[in-house]
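# A structural walkthrough
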There are 6 protein chains.
Amino acid sequence: MEKSIRKARFLAEMSGPACGSAAAEGDPLFLQPIGAVEHHGAHLPLATDALVADAVAARLVTERPDLDVVVMPTLTYGTSNEHVWAPGTVSLSPVTLLAVLDDVAASVRRAGGRRFAFLNAHGGNTNLLRVAIREIRVKHDLMTFLAHCDLPPDNGGPAGDPREEGLGIHGGLGETSMMLHLFPELVDLSLAERRIPSWINEYRALGFEQGSEYAWLSEDITVDGVIGDPTLATAEHGRARVAESVRNVAAAVEEMLVFRFGTGPAVRS
Amino acid sequence: MEKSIRKARFLAEMSGPACGSAAAEGDPLFLQPIGAVEHHGAHLPLATDALVADAVAARLVTERPDLDVVVMPTLTYGTSNEHVWAPGTVSLSPVTLLAVLDDVAASVRRAGGRRFAFLNAHGGNTNLLRVAIREIRVKHDLMTFLAHCDLPPDNGGPAGDPREEGLGIHGGLGETSMMLHLFPELVDLSLAERRIPSWINEYRALGFEQGSEYAWLSEDITVDGVIGDPTLATAEHGRARVAESVRNVAAAVEEMLVFRFGTGPAVRS
Amino acid sequence: MEKSIRKARFLAEMSGPACGSAAAEGDPLFLQPIGAVEHHGAHLPLATDALVADAVAARLVTERPDLDVVVMPTLTYGTSNEHVWAPGTVSLSPVTLLAVLDDVAASVRRAGGRRFAFLNAHGGNTNLLRVAIREIRVKHDLMTFLAHCDLPPDNGGPAGDPREEGLGIHGGLGETSMMLHLFPELVDLSLAERRIPSWINEYRALGFEQGSEYAWLSEDITVDGVIGDPTLATAEHGRARVAESVRNVAAAVEEMLVFRFGTGPAVRS
Amino acid sequence: MEKSIRKARFLAEMSGPACGSAAAEGDPLFLQPIGAVEHHGAHLPLATDALVADAVAARLVTERPDLDVVVMPTLTYGTSNEHVWAPGTVSLSPVTLLAVLDDVAASVRRAGGRRFAFLNAHGGNTNLLRVAIREIRVKHDLMTFLAHCDLPPDNGGPAGDPREEGLGIHGGLGETSMMLHLFPELVDLSLAERRIPSWINEYRALGFEQGSEYAWLSEDITVDGVIGDPTLATAEHGRARVAESVRNVAAAVEEMLVFRFGTGPAVRS
Amino acid sequence: MEKSIRKARFLAEMSGPACGSAAAEGDPLFLQPIGAVEHHGAHLPLATDALVADAVAARLVTERPDLDVVVMPTLTYGTSNEHVWAPGTVSLSPVTLLAVLDDVAASVRRAGGRRFAFLNAHGGNTNLLRVAIREIRVKHDLMTFLAHCDLPPDNGGPAGDPREEGLGIHGGLGETSMMLHLFPELVDLSLAERRIPSWINEYRALGFEQGSEYAWLSEDITVDGVIGDPTLATAEHGRARVAESVRNVAAAVEEMLVFRFGTGPAVRS
Amino acid sequence: MEKSIRKARFLAEMSGPACGSAAAEGDPLFLQPIGAVEHHGAHLPLATDALVADAVAARLVTERPDLDVVVMPTLTYGTSNEHVWAPGTVSLSPVTLLAVLDDVAASVRRAGGRRFAFLNAHGGNTNLLRVAIREIRVKHDLMTFLAHCDLPPDNGGPAGDPREEGLGIHGGLGETSMMLHLFPELVDLSLAERRIPSWINEYRALGFEQGSEYAWLSEDITVDGVIGDPTLATAEHGRARVAESVRNVAAAVEEMLVFRFGTGPAVRS
């Protein structure tokens, strides 16, 4: 990516006046990636979700320089209360994270932004982000959006490889593959173990897709908190999945840039 | 329903010692219904969601006296920031509602409860309740659950009658029918108007089922905040839908009563 | 009560536009009943205070349809920290309840309301409500009021039947009688016991009427938290007391509807 | 007062170890005076309430050196939202003041205290202090109390001189007299004016003694916020009133020192 | 000091209208002294810092009646978390104290004030006050300042007497001398002991002047929390130090009164 | 740097179990870098402080692999209320940031950490971090530290190049030089302008080193918020300054690793 495009797309690299001009002269989407630092088993690094958020945002800018986005620096820490039992997890409480997001939104508004999206890479953030985007819309009069790098099954995402029985939720095939592609030096597949809690699917009414649900901590589910089968992971699958993620996010961003209440998508003039 | 069963099922009607015994001697599910008081168009009453939560909880107890539940008094007010533009809406802010739910959960724990569920009848509460049940599980060491009276499409529920184009979200066919069945004297169908914002479905990447989403206030969507087609509503459809709702909730409660992490459902001894 | 009056008086049953019109065209009193769910001894149900608040509000509307009130749905949970030792008590912390009341007041203001009253049925809420009505007046520019279903002696109410020695405060003669009249099926007089802590009256300077006071939890006072003599209760006394309560509240509401700072009560035009 | 007694009674003048010993070896009452800094009309100083609290606490120690109290430094600022319209008023919000009182209570507990009282000289603090003492009792397991320097009619105090028609509430005969006695150099009687809002007494159901009430700001009541008749004030009346205040507080403190739940007052061994 | 000047300088002694006029007609500096109530060893009283703040503020007014200041009543309690281990310490949490200071600042703004300063006598408050003055400037549009009675070495103040090895931080030579001068009856030198933790100076990179630092509680440093050598204290040194403190504060206040962003000090017209 | 050392030093790259082992088996310093995203003039990128924090932390690990540190992912956003007037600034409120730091500290404690330091690159964070490290020490029983990448003059750092007159505070010679060395592609020296507000030094009593101070926003000081002379910047000076920063931080970390209260530094076994 050209230096000038890069500087025009990453808030971290823009000057204040450049940011002000970008907002005043166009109508860019301010995109706030958010991840997590949390236990992902012995085979994956703690910051897996933050690294994925970073990587997808960076590829989005590289591959789609035409999209008028301002990528904000990734919020590395998210809310990870389901993993606080495990050393290394850094979790912001829901109320603290809501306060952070509100401060960030106020900053976007002050910069002149009108469109604001979260790009989320951690399933445990999803519901809180859904709460936040509505509250921010009311309070700061921003058009707000939420996109996901890779929506897990328990957030309403696709069930994935049948060998995971719809339970590839945390540290499994998908996440491990993406990391093998993006940061192979941070993955130690020799420590990966299959953790498929088939009993979850014995419940008919409670679960991820059934409408009713239970709250779970990762230690409730498996012995080491991994949920899925990382032994099936390959860099190749990861490459495909990252590519798909970038495509999906780009498609969402395209619409976010032209989104207007009351009419369908129009070409951005 | 017999008076004695009723008194054994509704926290409001139990004495303190009876509640303590129920928790100490059994392992009942404390079920907290929650609704909302918010604008539902000119044809429906403000408390529609709270009335539905009340009614479904009451029918659950009547039809399934075998289920060991303690139904708590309905939380009438929810978080309804998407409707604060409309007179009559009473909305608790997300942070306030989280604090209320935390206080309620602490009370259940003090009563000796170990299983705690929300029975939700307002789509706008859903994501916040998902945040709450996990946080309560961590903080109060309760097994926590969430069930819905009728999950709307934007919360992951079924698309419903095709004439609503998947947009029966607020004050439409389903809700109006249920109210016609439950509280016909509170419905004025003569004021109902079809409000189907078809433009929503012109977006491919943004929406209710696509993974990416935008935050919306009801005034963003239609002129009076109704989203759906209440003119299609009938008491008969309402009867069927309420019956289905009670069945679904009962099925979920059955599993909540025997739910254990690590194994599938077993018969409760 | 006629359906149409009922619908015009209960916020829960009004539509949003009807509520907006009521506020815009008149100057109704928005009346927010508030109770509690707390231990009341073995003979009374946990929701005694909420049930009384509900009942008094409903009778007010029935008996005095001329009063231009909008009765809001009862806040079932109050602040009951004096009873948290007892299973079944559901208590909101003072700060949480202040936040709830503030959100409710903001909602009344948005609806166009100018007069806002609490109708309280739980002595433990009284001081907090007094704090709240002043703060709401400052913050939301509403005229605010407080009325009580039945002010207990420790809140400045009358001493009552001399056999209770001025100590009929919680679950005693008055409350039990009102419940015998209103909800006889929820009272089990066979479990009622006289609990008169006469030692309270041995203090000269500390107490309910002396100006100085001590904070008490109900378990500080008697073995089961009841303070008073429920064995004296009768449905007949309850009927009289409820009637008096409704009369008193109606008289207060009459004045709230015409209250203006700077002049005495005038007939409402 | 002897220096050694003074040092043994005022927390400000004690050393840390002396405070620790006092609590460990006896069972003193920690007494926290609280006042306010708020508009009291043109004739009285802003800190009237704080000065009275200070003075009454000091006289208590001087006149009753036998009472085992630890007088804490006066909280000068209280909650005065009813006077924020007037320059010079310094008001803590209710939630902030509750947090302050909680921190102070925790400090008393850490010092080894078991009995903790507020000595209040500002009517606007009263209800909040009533909320606080119960919450502190629950949270910090302290025996908590509340005494008043001079309870005004709107807090349940005596009606006072009939020429004030029961309306000597703020800056009137009583307060002005006490200040004439205690701090004559701070009073300018030439600026005092009679402000008796007789219309208050035209309401039958709403008011200070009637059970139902309205929230008021001092600017709602009179043109300059004074409520009462300071022109009737004399230093002599003030002397009597201060003496009575000290006697009342001393009597209350006597009982606070021997107060036990479950039995009447006993002589302190 | 003349009574009239005194009344014109101390907010506590001014009437509300006098305060309003002072702000409207001039541009006085509202000066908020703040101290602490915390363990200062066996030889000094708990309120040492509050007493010093009081005394310096009073002398400032006496010696420099020409300075247009409005001295607010001292905030006796500060944040003293480094001494909470010791009985007698009364500490407000940082967040509570920030809320108090914000409420006070809002009150100054409402009074018409434009210049607002803290006069601090407790090292443990310093950093929080630095945070507060900037936040208040942003939020309340006040010109805000911070002055110190006697800045200790760990806050960037001078190292002082070499016999204290730069470690005269708490209850040492300086503070004890000032108290011997100001309040000799509250000092018990017979209980003073030298506490010089020389090991502190063995660290090269960590410490008070080196740029990097560690957080300390006073119990971390010495056996009784005193840091310094009070046995060196004399009233004469105290007299000089108080005089210097008043001079320094007066010089700072002089500049605060004429301070304008963008130009150097000018004579105040 | 070798991959294995890198993985052993960066929390982001460690697995949860590796982090737990590191804490359980050794006594590493958890080092939390913190920067800011705020206006730095037209010549520097918004994330200057975060980028510097990142870079210094990374060099520390590279150059001193012997130091037993666990570098946490940089907190990119800090508190930047002095720059909220400028587009692009993203500022967390002081209370929000304190809550974030508290959550992070709790996470370090849960991981088994005992030593916790902030590495700060933004002057506007300094005082809040000083508040935080003491509060965290009390609340979480961690040994806590604070180091700076480059302490500016207004935080007690060295005055620097005399051509900046002690006013190289924001976006000036030092910062610009460091960025020219570290991220030359993000600096546009052609837009740099000298901004030396010499009037600051005309004040004798108020200022950065004088003990008394005023709160300032960057827009109060210069026309574009830059304070210093970036036109003097060179990559060479930046190289030296970064090297010195890394040396200083390394020296501080060395002592943090062996720091014990009560004795001087010892060699770490």
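Before reading further, recall that the structure is shown in the block above.
Reading guide: rules and limits
Residues numbered from 1 in each chain as written. Chains lettered and ligands numbered in written order. Predicted model: local features only at pLDDT ≥ 70, side-chain atom pairs only at ≥ 80, totals over all residues. Heavy atoms only, no water. Helix = DSSP H or I, 4+ residues; strand = E, 2+ residues; numbered from the N terminus. Expected span 1.5 Å × (residues − 1). Buried < 20%, exposed > 50% of the residue type's maximum accessible area, 1.4 Å probe, protein only. Phe/Tyr/Trp six-rings, centres within 6.5 Å; stacked < 30°, edge-to-face > 60°. Lys NZ or Arg CZ within 6 Å of the ring centre and 35° of its normal. Core = buried A, V, L, I, M, F, W, Y, C linked by side-chain atoms within 4.5 Å. Contact = heavy atoms within 4.5 Å. Least-squares fit on C-alpha atoms with pLDDT ≥ 70 in both. Salt bridge = Lys/Arg side-chain N within 4 Å of Asp/Glu carboxyl O. Pairing = 2+ DSSP bridges. Buried area = accessible area lost by both parts, 1.4 Å probe. Polar contact = N/O pair within 3.5 Å; in protein donor to acceptor, adjacent residues only side chain to side chain. Nonpolar A, V, L, I, M, F, W, Y, C, P; charged D, E, K, R; others polar. Axes fitted to C-alpha atoms, helices over the stretch in contact; angles between N-to-C directions.

Residue and element names in this part refer to chain B. The terminal C-alpha atoms of helix α5 (residues 126-140), which comprises 15 residues, lie 20 Å apart, in line with the 21 Å expected from a rise of 1.5 Å per residue. Along α5, 12 of the 15 residues are buried, which leaves the element largely enclosed by surrounding structure. Every buried residue of α5 is listed here: Thr126, Asn127, Leu128, Leu129, Arg130, Val131, Ala132, Ile133, Arg134, Ile136, Arg137 and His140. A positive backbone phi angle near 55° is found at Asp141, which sits one or two residues after α5.

Looking now at the environment of F:Ala18. Following the sequence through the fold, F:Ala18 ends up in helix α2 (residues 16-25). Through-space distance from the C-alpha of F:Ala18 to that of F:Lys7 is 9.3 Å; in sequence the pair is 11 residues apart.

Summed over all chains, the structure comprises 54 aromatic pairs over all chains. Both rings, one in A:Tyr214 and one in B:Phe259, keep their centres 4.2 Å apart while their planes meet at 35°; by these two values the pair is tilted. In this pair, A:Tyr214 is assigned in strand β5 (residues 213-214) and B:Phe259 in the segment after α8 (235-258), connecting two distinct chains. Its relative accessible area of 5% is what places A:Tyr214 among the buried residues. Members of the aromatic cluster, joined through ring pairs, are A:Phe145, A:Phe259, A:Phe261, B:Trp199, B:Tyr203 and B:Tyr214. Cation over ring: B:Arg134 sits above A:Trp216, and NZ or CZ is 4.5 Å from the ring centre.

Of all hydrophobic cores here, the largest spans 532 residues; its most connected members are A:Phe116, B:Phe116, C:Phe116, D:Phe116, E:Phe116 and F:Phe116. Discounting chain neighbours no more than four positions away, the residues touching F:Phe116 are F:Leu29, F:Phe30, F:Gln32, F:Met72, F:Val104, F:Ala105, F:Val108, F:Ile136, F:Leu142, F:Met143, F:Thr144 and F:Phe145.

Superposing chain A onto chain B takes a rotation of 180° plus a shift of 0.0 Å along the axis, which leaves an RMSD of 0.0 Å. In symmetry terms, the pair is related by a two-fold rotation axis. Closest approach to the rotation axis within chain A is made by the C-alpha atom of A:Asn127, at a distance of 2.5 Å. When the interface residues of chain A are mapped onto chain B, 100% of them again lie at the interface, so the same face is used by both copies.

Turning our eyes to something else, we now look at the pattern of salt bridges. Taken as a whole and judged by the stated rule, the model has 96 salt bridges over all chains. B:Asp161 serves as the salt-bridge partner of B:Arg163, at 2.9 Å between the closest nitrogen and oxygen. By relative accessible area, which is 47% here, B:Arg163 ends up partly exposed. A salt bridge links C:Glu193 to C:Arg195, with the nearest nitrogen and oxygen atoms 3.7 Å apart. Salt bridges linked by common partners bring A:Asp27, A:Arg114 and A:Arg115 together as one network.

Residue and element names in this part refer to chain E. Its location among the elements puts Gly78 in the loop between β2 (69-71) and α4 (94-110). The buried category is assigned to Gly78, whose relative accessible area is 0%. Residues Gly78 and Pro94, spaced 16 residues apart in sequence, show a C-alpha to C-alpha distance of 8.8 Å.

Residue and element names in this part refer to chain F. The element strand β3 (residues 115-120) is largely enclosed, with a buried count of six among its six residues. The two faces of β3 match: Arg115, Ala117 and Leu119 on one face and Phe116, Phe118 and Asn120 on the other face are all buried. Relative to β3, strand β1 (residues 29-34) is paired through six bridges, and the arrangement is parallel. Across the sheet, the residue bridging to Gln32 is Phe118, located in β3. Across six bridges, the pairing between β3 and strand β4 (residues 143-148) is parallel.

Attention now moves to the interface of chain F and chain A. Taken together, the 45 residues of chain F in the interface contact 45 residues of chain A. Overall, the association of chain F and chain A removes approximately 3400 Å² of surface from exposure, summing both partners, and the carbon and sulfur fraction of that is 64%. Of all residues in chain F, F:Tyr77, F:Asp103 and F:Arg110 give up the largest surface area on contact with chain A, accounting jointly for 15% of the area buried on that side. The interface formed by chain F and chain A contains zero salt bridges. Between the two partners, chain F and chain A, sit 14 residue pairs in polar contact (both at pLDDT 80 or more). The greatest single-element share of the side of chain F that touches chain A, amounting to seven residues, is contributed by helix α4 (residues 94-110) of chain F. Looking at the side of chain F that touches chain A, its residues break down into 25 nonpolar, 14 polar and six charged.

The two partners chain A and chain E share no contact, and the minimum distance between any of their C-alpha atoms is 14 Å. Nowhere do chain B and chain F come into contact; their C-alpha atoms are at least 14 Å apart.

The next thing to look at is the side chain of B:His148. Relative to the helices and strands, B:His148 is located in strand β4 (residues 143-148). You can call B:His148 buried: its relative accessible area is 9%. With near-sequence residues (within four places) excluded, B:His148 lies in contact with A:Gly211, A:Ser212, A:Glu213, B:Leu119, B:Asn120, B:Thr126 and B:Val249.

Each side of the interface is counted separately: chain A has 49 residues, and chain B has 49 residues. With both sides pooled, the region where chain A packs onto chain B buries about 4500 Å², and carbon together with sulfur makes up 62% of that total. Considering only the surface of chain A that becomes buried against chain B, A:Arg134, A:Tyr203 and A:Glu213 emerge as the three largest contributors, covering 16% of it. Applying the counting criterion to the chain A and chain B interface returns six salt bridges. Connecting chain A to chain B are 26 residue pairs in polar contact (both at pLDDT 80 or more).

So, on to the sheet that holds strand β3 (residues 115-120) of chain A. Reading across from one edge, β2(A)-β1(A)-β3(A)-β4(A)-β5(B) is the order of the five strands in this open sheet, with mixed pairing throughout. Each edge of the open sheet carries a strand with a single partner, namely β2 (69-71) of chain A together with β5 (213-214) of chain B. Contacts between helix α5 (residues 126-140) of chain A and the sheet are confined to β1 (29-34), β3 and β4 (143-148) of chain A together with β5 of chain B, with β4(A) contributing the most and set at about 165° to the helix. Each of β1, β2, β3 and β4 of chain A is contacted by helix α8 (residues 235-258) of chain A, which is oriented at about 165° to β3(A), the strand it contacts most.

Moving on, we get to the sheet that holds strand β5 (residues 213-214) of chain F. Pairing is mixed across the open sheet formed by five strands, whose spatial order is β2(E)-β1(E)-β3(E)-β4(E)-β5(F). Looking at strand neighbours, the two that pair on one side only are β2 of chain E together with β5 of chain F, the edges of this open sheet. Along the sheet face, helix α5 (residues 126-140) of chain E touches β1 (29-34), β3 (115-120) and β4 (143-148) of chain E together with β5 of chain F and points at about 165° away from the line of β4(E). Relative to the sheet, helix α8 (residues 235-258) of chain E contacts β1, β2, β3 and β4 of chain E, its axis offset from that of β3(E) by approximately 165°.

With that settled, consider helix α6 (residues 173-182) of chain C. An α-helix turns once per 3.6 residues; consequently, residues spaced three or four apart project the same way. Of all 10 residues in α6(C), 10 are buried; the element is thus mostly enclosed. Taken together, the buried residues of α6(C) touch α3 (48-63) and α8 (235-258) of chain C.

Okay, the side chain of F:Thr126 next. Residue and element names in this part refer to chain F. Looking at the secondary structure, you find Thr126 in helix α5 (residues 126-140). Only 2.3 Å separates the side chain of Thr126 from the side chain of Asn155, close enough to count as a polar contact. For Thr126, the residues in contact, after removing those within four places along its chain, are Asn120, Leu146, His148 and Asn155.

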